[in-house]
There are 2 protein chains.
Amino acid sequence: MIRIGILGYGNLGRGVELAVRQNPDIELKAVFTRRNPESLTLMTAGVPVYNVADMDAHKGDIDVLVICGGSATDLPEMTKKYAKDFCVIDSFDTHARIPEHYAAVDRAAKEGGNVALISCGWDPGMFSLLRLYGNCILPNGVDYTFWGKGVSQGHSDAIRRIKGVKNGKQYTVPVPAALEAVRNGETPELTTREKHTRVCYVVPEEGADLARIENEIKTMPNYFADYDTTVNFISEEEFLRDHSGLPHGGSVFRIGSTGADGEHRHVIEYKIQLDSNPEFTASVLLAFARAIARLKAEGVTGCKTVFDIAPAYLSPLSGEEIRAHML
Amino acid sequence: MIRIGILGYGNLGRGVELAVRQNPDIELKAVFTRRNPESLTLMTAGVPVYNVADMDAHKGDIDVLVICGGSATDLPEMTKKYAKDFCVIDSFDTHARIPEHYAAVDRAAKEGGNVALISCGWDPGMFSLLRLYGNCILPNGVDYTFWGKGVSQGHSDAIRRIKGVKNGKQYTVPVPAALEAVRNGETPELTTREKHTRVCYVVPEEGADLARIENEIKTMPNYFADYDTTVNFISEEEFLRDHSGLPHGGSVFRIGSTGADGEHRHVIEYKIQLDSNPEFTASVLLAFARAIARLKAEGVTGCKTVFDIAPAYLSPLSGEEIRAHML
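Here the structure is a predicted model, which is why all the values come from computation and not from measurement.

Asks: Mind showing me how you'd approach the packing of aromatic side chains here?
Replies: How two aromatic rings sit relative to each other is given by the distance of their centres and the angle of their planes. Scanning all chains against the criterion turns up 11 aromatic pairs over all chains. Centroid distance B:Phe127 to B:Tyr270: 6.1 Å. Interplanar angle 80 degrees. Geometry classified as edge-to-face. You can see B:Phe127 sitting in helix H4 (residues 126–137) and its partner B:Tyr270 sitting in strand E13 (residues 264–274), a full 143 residues away along the chain. For B:Phe127, a relative accessible area of 0% corresponds to the buried category. Counting every residue linked through ring pairs, the aromatic cluster contains A:Trp122, A:Phe127 and A:Tyr270. The lysine or arginine in question, A:Arg198, covers the ring of A:Tyr227, its NZ or CZ lying 4.0 Å from the ring centre.

Listed below in structure tokens is the structure:
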């Protein structure tokens, strides 16, 4: 049995807890929280909740610690900190800062004799893998990644920080014509605006200035200014009824050519449609947690990414079984 | 530079030769043939052609031998034979016989201190990888594989063996309603007949009995009897104009659920559309040939499959580069 600990009990942490039930070779040993442990009610009977201050006492009980903190602020600190005492995995997704995060975690993991795996999930994660495979098997080609239709947590948070907004959610939506062109094997040059639109559902506070809110959203730099953005004001009831889920998805494409003169075109698409972004991400994390436990048993140390994991390490089945049934 | 040899100069061998041009770290050192070497004209200037009888003399010049023989009859003999003296890769695709092929090649490769990789391409190959990833990240789910629309060489060969058939080609075509249902996340139980149809284009010899040919095709056990098959008789001109290519493709699906009660559904699709089946297969083989050369340099021996190769080994880029640009 692979003994898992969860650090952070939000959407992702709960997703990991549920995913454990689908993996008979993995058991949940403990949940760690920065909150008062007694304030948490788990879905799994008999699993203890501890405060992060007490993590040291449980080093020997955990094979892999799944770090479920918020990416932007928590993970750069948490993963490197805990990699000294635990094998760890995270879903760090600030693409531009991955190299520095990798270096810091690698140092800590090697110091502690542990294996760490960063930036796991679907993007970064499965989408990264498909980009790498696509680039390697079709070197003469072009990449496209489309996200959505789905809820962007970062953009939803940005909306909710605006004065007069009671609640809000943002959907990232691929532009249908762009998606269609790429799927047909065309290789258009697309600007940011031509690839995705942003659709917002906002519950305003009573008496709020709707025109100002709409303008603040649409002109917000980095988040919305470069996109065609639609803002819909709705009631709290409608919001709870239609927008309480966290669906997401997207497609990674590699379009490449082969032949004596590039005359043969090939289109690869990896497409996912997810009812629950955090539960899917959690499921990916657990499969890679299995690989970490195996690498640790082999004496490997240091920081890894999804690129470094031979796919067979993700499966609970033996090499013989996967060759016989999946090859 | 990784020095490649090609054994067998048919469609696949020529595809490998062309793929070498797209991989600056790979060079083609020699082509080996069972035919008279002087009867072959390569597309690459300066590359020697040798008879297979003389392979021993070139052991030291080749890092990876890409075996491009016909799968059903050649590969079970060839791959295990040459794995003693070379690192080898093949595209063995008789799924039911993979375990015995693996065992024989593993023995030979270990005896010779070489690395071998079998059953590489797209199915088996990339489709196998996607089946494995899908099963590991969504353990509670169902698999579907659809092939086509594309030319099946085995079925085309079977048609051409019928008396009175001058030329023939067979397309495997997914049933649109079945494909649509799966893509929508439904999990229908589908019989063989409900998943694919078979469409044949046949050039009859002059005066041949068309009704007999059509009947022989449609009732052929294993190949056609379990499918809805359409037979179109066409002229030689039409055949050459419209059916001289080797396009193929297909989709691998994993449909799985997560949540406290399986309430969230996730659909993963890996879809490829290929203008040239042999050239795409060749491109996959070359990426994995790169991995073989690296494993050999690390002192690894024995038989591998795509499941055993960490994706980073497929790329000519460094770990640092792929983390910075593809993660």
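This is not the end of the story, as more comes after the structure.
Asks: Honestly, the interface of chain A and chain B in this entry has me stumped. Any pointers?
Replies: One widely used convention gives an interface's size as the accessible area the parts lose upon coming together. Listed per partner, the contact involves 63 residues of chain A and 63 residues of chain B. Carbon and sulfur atoms supply 65% of the area buried between chain A and chain B, which totals about 5700 Å² over both sides. Of all residues in chain A, A:Tyr133, A:Met326 and A:Leu327 bury the most surface against chain B, accounting for 14% of the area lost on that side. At the surface where chain A touches chain B, the tally comes to zero salt bridges. Linking chain A with chain B are 27 residue pairs in polar contact (both at pLDDT 80 or more), by the criterion used here. Among the elements of the structure, helix H3 (98–112), helix H4 (126–137), strand E12 (248–258), strand E13 (264–274), helix H10 (277–297) and helix H11 (319–325) of chain A are those that each provide at least two residues to the side of chain A that touches chain B. Here the side of chain A that touches chain B takes 11 residues from E13(A), the largest share from any one element.

Asks: Just checking my understanding: could you explain the relation of the copies chain A and chain B for this structure?
Replies: Each of the two chain copies goes to the other by way of a rotation about an axis and a shift along it. The transformation that overlays chain A on chain B combines an axial shift of 0.0 Å with a rotation of 180 degrees, and the residual RMSD is 0.0 Å. This pairing of chains is accounted for by a two-fold axis. Residue A:Ala310, judged by its C-alpha, is the member of chain A lying nearest the rotation axis, at 1.9 Å. Of the residues that chain A buries at the interface, 100% are likewise interface residues in chain B, meaning the two copies contact each other through the same surface.

Asks: Hey, could you run me through the packing of helix H2 (residues 75–82) of chain A against H3(A) in this one?
Replies: Helix-helix packing is characterised by the crossing angle of the two axes and by the distance between the axes. Residues and elements named next belong to chain A. Interaxial distance between H2 and H3 falls to 7 Å at its minimum, and their mutual angle equals 20 degrees. By the angle class used here, H2 and H3 are roughly parallel. With respect to the hand of their crossing, H2 and H3 are arranged in right-handed fashion. Contacts from Leu75, Pro76, Thr79 and Lys80 of H2 reach H3 at His101, Ala104, Val105 and Ala108. Grouping the amino acids of the contact of H2 with H3 by side-chain chemistry returns five nonpolar, two polar and one charged.

Asks: Sorry if this is basic, but what is going on with empty space enclosed by the protein here?
Replies: Summary: where empty space remains is shown by rolling a probe the size of a single water molecule over the atoms. Taken as a whole and assessed by the stated rule, the structure comprises one cavity of 30 Å³ or more. Around the largest cavity, the lining residues are A:Leu130, A:Tyr133, A:Gly134, A:Ile137, A:Val252, A:Phe253, A:Arg254, A:Ile268, A:Glu269, A:Tyr270, B:Met126 and B:Tyr270. Elements supplying a minimum of two residues to the lining of the largest cavity: H4, E12 and E13 of chain A. Ranked by the residues each element gives to the lining of the largest cavity, the list is headed by H4(A), at four residues. Class assignment for the residues of the lining of the largest cavity results in nine nonpolar, one polar and two charged.

Asks: Just to check I follow, could you spell out H4(A) for this structure?
Replies: Turn by turn, an α-helix covers 3.6 residues, leaving residues three or four places apart pointing in a common direction. Residue and element names in this part refer to chain A. Along its 12 residues, H4 runs 16 Å from first to last C-alpha, staying within 8% of the 16 Å computed at 1.5 Å per residue. Burial runs high along H4: 12 of the 12 residues are buried. Listed as buried for H4 are Met126, Phe127, Ser128, Leu129, Leu130, Arg131, Leu132, Tyr133, Gly134, Asn135, Cys136 and Ile137.

Asks: What am I meant to see in the pairing of strand E10 (residues 196–204) of chain A here?
Replies: Successive residues of a regular strand alternate their side chains across the two faces of the sheet. Residue and element names in this part refer to chain A. Judged by how many residues are buried, E10 sits mostly within the fold: seven of nine residues are covered. Inspection of the sheet shows strand E9 (residues 165–174) paired to E10 by nine bridges, in the antiparallel sense. Bridging from a neighbouring strand, Lys169 pairs with Tyr201 of E10. Note that E10 and strand E11 (residues 228–233) share six bridges and pair parallel. Each residue of the ladder has a partner; that of Val202, found in E11, is Phe233.

Parameters at a glance
For every chain, the first residue of its written sequence is number 1, and the numbers climb from 1 along that sequence. For this description, chains carry letters from A and ligands carry numbers from 1, given in the order in which they are written. Per-residue local features of the predicted model are confined to residues with pLDDT of at least 70, and side-chain atom pairs are confined, for both listing and counting, to 80 or more; whole-chain, interface and lining totals are unaffected and use all residues. Values shown for side chains rest on all heavy atoms present in the structure; no hydrogens or waters enter the calculation. Pairing of aromatic rings covers Phe, Tyr and the six-membered ring of Trp, with a centre-to-centre limit of 6.5 Å; geometry is then stacked below 30 degrees between planes, edge-to-face above 60, and tilted otherwise. A helix here means a DSSP run of H or I that spans at least four residues, while a strand means a run of E at least two residues long, and both kinds are numbered starting from the N terminus. Burial classes follow relative accessibility: with a 1.4 Å probe on protein chains only, a residue under 20% of its type's maximum area counts as buried, one over 50% as exposed, and anything between as partly exposed. When the NZ atom of lysine or the CZ atom of arginine is within 6 Å of a ring's centre and also within 35 degrees of its normal, the charge is said to sit over that ring. By the convention used here, residues are in contact when the closest approach between their heavy atoms is within 4.5 Å. Two parts placed together each lose some accessible area under a 1.4 Å probe, and the buried area is that loss summed for both. Criterion for a salt bridge: a side-chain nitrogen of Lys or Arg within 4 Å of a carboxyl oxygen of Asp or Glu. Within 3.5 Å is the distance limit for a polar contact, defined as a pair of N or O atoms, with the added protein rule that one can donate a hydrogen and the other accept it, and that residues adjacent in sequence qualify only through two side-chain atoms. Here the copies are matched by least squares. The fit uses the C-alpha atoms of residues with pLDDT of at least 70 in both. For every element, the axis is a line fit to its C-alpha atoms; helices are fit only across the contacting stretch, and the angle between N-to-C directions ranges from 0 to 180 degrees. For classification purposes, an angle smaller than 35 degrees is called roughly parallel, one larger than 145 roughly antiparallel, one from 65 to 115 roughly perpendicular, and anything else oblique. Two helices crossing with the near one rotated counterclockwise from the far one by less than a right angle form a left-handed crossing, whereas a clockwise rotation gives a right-handed crossing. By the convention adopted, Pro, Cys, Tyr, Trp, Phe, Met, Ile, Leu, Val and Ala count as nonpolar, Lys, Arg, Asp and Glu as charged, and the other residues, Gly among them, as polar. Here a cavity means grid points, on a 1 Å grid over the protein atoms only, where a 1.4 Å probe fits yet cannot get out; a pocket means an open set of points with protein on both sides within 12 Å along at least five of seven lines; lining residues are those with an atom within 4 Å of a point. Grid points are joined across faces, edges and corners, and a volume is the space filled by probe spheres set on the points. The span expected for a helix works out to 1.5 Å for each residue beyond the first. For two strands to be treated as a pair, DSSP must find no fewer than two bridges joining them.

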